[in-house]
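# Close look at the chain arrangement
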Amino acid sequence: MKDIIQIEHLTFDYVRENEEGREIVHAIKDVSLNIEEGSFTAIIGRNGSGKSTLAKNLNGLLLPTSGKILVNGWDTADESHIWDIRQTAGMVFQNPDNQLVASIVEDDVAFGPENLGVPPEEIRSRVDQVLKSVDMYSFRTKAPHLLSGGQKQRVAIAGVLAMQPRCIIFDEPTAMLDPQGREEVMAIIRRLHEEGKTVILITHFMDEAAQADRIVIMDDGKILADGSPGEVFTDEKTLRRIRLDVPLAVDMAHKLRERGIDVPHDIITQEKLVEFICQYK
Ligand code: ADP
Ligand code: MG
């Protein structure tokens, strides 16, 4: 599969003005990374490690200080393709309240395609289809502020889906949700991946990261590790260094191995561990 996103030597600096003058924050330091079309990549790392800055660079919300990013071959710094880029790589943020713009659910979902100049009949069918796909169709005439956090986030996802992006970047989409809302949003993310979308999921929940095909660890604006969940989660030294927990299933597998049960190293999700243990019934 081809790479839908190519990050070449990305450096990003914020300039903060304060009483003492200008302060420069080096948020991303010479990062190179390619994302294959159709893949599911999780990005993890401590607060302030540069994950959100990286995400916002992926669809041109921020532009590189140096280096470049290509989305479907288009340079994000090339203004003539900014709408192609935003349409190809959609973004879902942590707080759905900041993403919902209209006072009725279906109007909110229609907002993106309207801005893209999609014909009204086509908008109508897209809105219905995406609201059904996130199981929010029955709420289509409701006001977003009356919904739960998880429902709002599903509407925000529908709004992005209505633009028919090939890639969706989720920046801690479940951080503000209760366990049920989290699981509903993760189920949608998994399904989008299964349907062929490229998914980039920034998360601080290791059980969520474990569901990806690939995990990238960011630390201090750089990539510290990049591999399959099995590789990354068994690299305990690296995980300890940046004080990230391992997923529950990895921790349990480790303890079972200490007791002499030979759990394969690629078991990193709870479902897989349950399946493995059930063999012993
Ligand atoms: P993460 O998402 O991993 O928590 P961020 O990308 O938000 O990390 O932040 C990376 C670094 O950039 C941090 O040092 C943060 O304080 C700084 N930073 C983030 N946003 C801004 C901003 N708007 N202005 C100045 N510095 C910022
Ligand atoms: Mg962040």
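This report concerns the structure included in the present document. (Residues numbered from 1 in each chain as written. Chains lettered and ligands numbered in written order. Predicted model: local features only at pLDDT ≥ 70, side-chain atom pairs only at ≥ 80, totals over all residues. Heavy atoms only, no water.)

## Some remarks on the sheet that holds strand β7 (residues 167-171)
Pairing in this open sheet of six strands is mixed, and the strands run β6-β7-β8-β3-β9-β10 from one edge to the other. This sheet does not close on itself; its edge strands, each paired only once, are β6 (89-92) and β10 (222-227). On average, each strand axis in the sheet is inclined to that of its neighbour by 20 degrees, with strand direction left out of account. Relative to strand β8 (residues 198-202), helix α6 (residues 179-194) is tilted by about 150 degrees, and along the sheet it contacts β3 (40-44), β7 and β8. (Pairing = 2+ DSSP bridges. Helix = DSSP H or I, 4+ residues; strand = E, 2+ residues; numbered from the N terminus. Axes fitted to C-alpha atoms, helices over the stretch in contact; angles between N-to-C directions. Contact = heavy atoms within 4.5 Å.)

## Regarding the site of ligand 1
Looking at ligand 1, the residues that line it are Tyr14, Arg16, Val25, Ala27, Arg46, Asn47, Gly48, Ser49, Gly50, Lys51, Ser52 and Thr53. With respect to ligand 1, the backbone of Gly48 contributes an N or O atom lying 2.7 Å from an oxygen atom. For ligand 1, the accessible surface in isolation is 560 Å², of which the surrounding protein chains cover 67%. For the shell around ligand 1, the secondary structure elements donating two or more residues are β1 (3-18), β2 (21-36) and α1 (51-58). Broken down by element, the residue count for the shell around ligand 1 peaks at three residues, all from α1. Of the residues belonging to the shell around ligand 1, the class tally is three nonpolar, six polar and three charged. (Near = heavy atom within 4 Å. Polar contact = N/O pair within 3.5 Å; in protein donor to acceptor, adjacent residues only side chain to side chain. Areas by Shrake-Rupley, 256 points an atom, 1.4 Å probe, with all protein chains shown as cover. Nonpolar A, V, L, I, M, F, W, Y, C, P; charged D, E, K, R; others polar.)

## Digging into α6
Counted at 1.5 Å a residue, the expected span for α6 with its 16 residues is 22 Å, and the 22 Å between its end C-alpha atoms agrees. The complete set of buried residues in α6 reads Gly181, Val185, Met186, Ile188, Ile189, Leu192 and His193. End-on view of α6: buried residues confined to an arc of 155 degrees, all on one side of the axis. What points out from α6, more than 90 degrees from its buried face, is the exposed set Pro179, Gln180 and Glu194. Next to the buried residues of α6 lie β3, α5 (149-161), β7, β8 and α7 (206-209). Positioned one or two residues after α6, Gly196 has a phi angle of 110 degrees, which is positive. (Expected span 1.5 Å × (residues − 1). Buried < 20%, exposed > 50% of the residue type's maximum accessible area, 1.4 Å probe, protein only. Arc of directions from axis to C-beta.)

## Topic: the nonpolar core
With 47 residues, the main nonpolar core has Ile157, Phe170, Ile217 and Phe233 as its most contacted residues. Take this core: its biggest share by element is six residues, from α5. Apart from the residues within four sequence positions on either side, Ile217 is in contact with Ile44, Lys222, Ile223, Leu224, Ala225, Val232, Thr238, Leu239, Ile242 and Leu244. (Core = buried A, V, L, I, M, F, W, Y, C linked by side-chain atoms within 4.5 Å.)

## Some words on the pattern of salt bridges
Counted under the stated rule, the structure contains 15 salt bridges. For the salt bridge of Arg126 with Glu122, the shortest nitrogen-to-oxygen distance reads 2.7 Å. Linking Arg126 with Glu122, this pair stays in helix α4 (residues 120-133), spanning four residues, or about one helical turn. The class of Arg126 is buried, set by a relative accessible area of 10%. Residue Glu183 pairs with Arg190 through a salt bridge whose shortest N-O separation is 2.9 Å. In the salt-bridge network here, residues are joined through shared partners; they are Glu106, Arg124 and Asp128. (Salt bridge = Lys/Arg side-chain N within 4 Å of Asp/Glu carboxyl O.)

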